[in-house]
Each structure stands twice: as structure tokens, then as C-alpha cells.
Amino acid sequence: MSSDWQSGQVSVSGGYLAYHRTGGSGPVLVLSHGLTDNGLCWSRLARALEDDFDIVMLDARGHGTSSRLPDGAHFNAGQDIAEAVEALGLRTPIVMGHSIGALATATFAADYPHLVSRVILEDPPFVPASDLSSRMGRKEKFRLQVLRLQSMSDAEITQMGKEATPDWHDDEFPAWTLAKRQVDPDAMPVVFPLWQAVIEKILVPTLLVYGEQARGGLVTPQVAAEAMRVNPRVQSVEVQQAGHNIRRENFPAYLAEIRKFLLENKET
């Protein structure tokens, strides 16, 4: 984390979200991370963009230093983003998310169109619906995996990550490791909205960035084509030599596509 970045927290319904903010006079860019990450997992991208944007990196509920998940209660991650945007006094920011954070970002943009100017989605879980028993099984498997991780030392977590993802830059691992220590074992959601119903409601230019399915990407070319058919405001780009963690696996190509989209869709 850069020494001149600000940190704080804002109240949301039934809890609070922590955030880190780069400051600056450029347009505001709000970043929402994926499952088991935290806001600072965007640090490498934030450093690359902070001269041109005022970047806000949120810790999702149940992650980082944000409040834990409400016991047995449902919460709306898109609503959390909206309440954080309003609490921080942000005026129609650009919003970007990865994985589950991309789904939350899309939900926010769909439900609060007056609060957003542009949307970037990095490999959201736009996948077929599954039955409740399958989702509960995945949730329990996730819980056990997190508990196992949290029984390990930081050095062991980092070493495991580097062995599993040898193409990631070393700068990715400090925040990634810390996030595994912080995540709530019950953070995996069980209820997912129908992604097509979310996408069709977005009223601003939207970029869907996806990687190669063979490398673990969730979004397929067919899904990307369907998203663009459902909503003509959506454009998509496939980044080669990357899977689910596109910005971590092919950072130069990812950054180039983000900059291109933002330049072509500048507010006037």
C-alpha cells in the first residue's frame, strides 16, 4: 500500500465496508474484488492507474477488515457498493469488479443506474444456474478450504500461491496472502441472480473482459456473445494467456484493454 493512500470505513446496512483510496483529481474508479481477496489485491493495478484516476478499493463484506457476514441474514453486495458510493459522496464513478466482485458490480450498475458512468467486469461467474444442494456443497467445501488456509503460516500460504500460480508477479502476493487470513469461512454466497437479467438492465457502456476457458476462465466466447446480444451496450474482449485472474496472469494486455475502453468511453 502506498504511503499517501487513505484508508477508512463507511456504514452500510447492517455493517460497514473498509476501503483504501488513492486520491487525486481524475475520475473516480471503484474496484470490487473476488472471493477470498481484499481491496488491496487491486494494488498493482491501482499503482498503474493512480495518476489518471481517484481509485477506491473496497473490502467486500466478510473480507478484509469489513464487517463479518450477518448471521443467517441475506445481504445484497450490489447494494453494499451503492451505499458505499453514496457514503463517500462519489458522483457517477466508473465501477470495476473481478469474479464475484464483478457480479456485485453488475448488480449495482443494474439496480442503481443513476450512480454509475461505466462498468468493467473481469470474468464474472456468468455460469448456468445450479440446484441448491450443489451450491450448499460448494459452500461447505469452500469453508473447509478457508479453515485449512487459516491454519497455515503466512509463508506457507504465500508459497502455496506461488507454486499454484507461477506466472503471477511477486507484487500480488502480500495482499493475496493477507486476504486469505482475513476472509470469513462462510463468505461464499449461495444465492446468485440470473446474470442475463442483471446485464440487460445496465444503461452505461460496459466492458466484459474474459480469459481462456482452458486456463480456468469462467466466461466463454458463447457467454460473451450472449451478454452482447442481451445488452448492446456491452462489449467484450478475450485476453489470451490468462484464465480467471486475468489481470494477474496477463497484466500488460489487461491494462491495455482497460485503458482503451476508458479512453473510448470518456465522459464529455
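Look above for the structure.
Residues numbered from 1 in each chain as written. Predicted model: local features only at pLDDT ≥ 70, side-chain atom pairs only at ≥ 80, totals over all residues. Heavy atoms only, no water.

## What about the pairing of strand 1 (residues 6-12)?
In step 1: Here strand 1 pairs with strand 2 (residues 15-21) via seven bridges, running antiparallel. Directly across from V12, in strand 2, lies its bridge partner G15.
In step 2: Between strand 1 and strand 2, which follow one another and run antiparallel, lie two residues, and G14 among them has a positive phi close to 75°. (Pairing = 2+ DSSP bridges. Helix = DSSP H or I, 4+ residues; strand = E, 2+ residues; numbered from the N terminus.)

## What to know about unusual backbone geometry
In step 1: Unusually for a residue other than glycine, T92 sits at a positive phi of about 40°.
In step 2: The residue T92 is located in the loop between helix 2 (77-87) and strand 5 (94-98) in this model.
In step 3: Residue S99 is not a glycine yet carries a positive backbone phi of 55°.
In step 4: Following the sequence through the fold, S99 ends up in the loop between strand 5 and helix 3 (100-111).
In step 5: For S99, a relative accessible area of 9% gives the class buried. (Buried < 20%, exposed > 50% of the residue type's maximum accessible area, 1.4 Å probe, protein only.)

## Notes on the side chain of E83
In step 1: With respect to the helices, strands and loops of the structure, E83 is situated in helix 2.
In step 2: Among buried charged residues, E83 stands out as having no salt bridge; its nearest opposite-charge side chain is R61, 5.6 Å away.
In step 3: The residues contacting E83, other than those within four sequence positions of it, are V12 and S13. (Lys, Arg positive; Asp, Glu negative; His and termini not counted. Salt bridge = Lys/Arg side-chain N within 4 Å of Asp/Glu carboxyl O. Contact = heavy atoms within 4.5 Å.)

## Re the pattern of salt bridges
In step 1: The tally for this structure, following the rule as stated, stands at 15 salt bridges.
In step 2: Notably, a salt bridge pairs E122 with R247, separated by 3.0 Å at the nearest N-O pair. Here E122, found in strand 6 (residues 118-122), pairs with R247, found in helix 9 (residues 246-249); they are 125 residues apart in sequence, far enough to count as distant.
In step 3: A relative accessible area of 0% places E122 in the buried class.
In step 4: Residue E226 pairs with R229 through a salt bridge whose shortest N-O separation is 3.8 Å. One end of the pair is E226 and the other is R229, both in helix 8 (residues 221-230) and three residues apart, which spans about a single turn.
In step 5: Note on E226: relative accessible area 26%, which makes it partly exposed.
In step 6: What emerges from the salt-bridge pattern is a single network uniting D37, E172, K180 and R248.

## A look at the packing of aromatic side chains
In step 1: The full count for this structure, using the stated rule, is five aromatic pairs.
In step 2: When the centroid spacing of 6.1 Å and the interplanar angle of 90° are considered together, the rings of W168 and W176 count as edge-to-face. In this pair, the class of W168 matches that of W176, namely buried.
In step 3: With a centroid separation of 5.9 Å and an interplanar angle of 80°, the aromatic rings of F173 and W176 are classed as edge-to-face. Here W176 and F173 lie together in helix 6 (residues 173-182), a separation of three residues that amounts to about one turn. Residues F173 and W176 agree in their burial class; the two are buried.
In step 4: A connected cluster of aromatic rings, assembled from ring pairs, spans W168, F173 and W176.
In step 5: The ring of F251 carries R44 above its face, with NZ or CZ at 4.0 Å from the centroid.
In step 6: One Lys or Arg, R247, reaches over the ring of W42 and ends 3.8 Å from the middle of that ring. (Phe/Tyr/Trp six-rings, centres within 6.5 Å; stacked < 30°, edge-to-face > 60°. Lys NZ or Arg CZ within 6 Å of the ring centre and 35° of its normal.)

## Comments concerning helix 10 (residues 251-264)
In step 1: Here helix 10 is 14 residues long and its end C-alpha atoms lie 20 Å apart, about the 20 Å a rise of 1.5 Å per residue gives.
In step 2: All buried positions along helix 10 are accounted for by F251, Y254, L255, I258, F261 and L262. All buried residues of helix 10 fall inside an arc of 130° around its axis, so they share one side. Those residues of helix 10 that are exposed and aimed more than 90 degrees away from the buried face are P252 and L263.
In step 3: Its side-chain oxygen 3.3 Å from the backbone nitrogen of A253, N250 forms the N-cap of helix 10. (Expected span 1.5 Å × (residues − 1). Arc of directions from axis to C-beta. Polar contact = N/O pair within 3.5 Å; in protein donor to acceptor, adjacent residues only side chain to side chain.)

## Overview of the sheet that holds strand 1
The strands that make up a sheet are held in pairs by hydrogen bonds between backbone atoms, and each pair lies either parallel or antiparallel.
In step 1: With respect to topology, eight strands assemble into an open sheet ordered 1-2-4-3-5-6-7-8, the strand pairing being mixed. Taken across any chain shown, the strands that pair with only one partner, and hence form the sheet edges, are strand 1 and strand 8 (234-238). Averaged over all adjacent pairs, the angle separating strand axes in this sheet is 20°, with direction ignored.
In step 2: Bridge count between strand 2 and strand 4 (residues 54-58): three bridges; the pairing is antiparallel. Each bridged residue has a counterpart across the sheet, and for Y19 the counterpart in strand 4 is L58. (Axes fitted to C-alpha atoms, helices over the stretch in contact; angles between N-to-C directions.)

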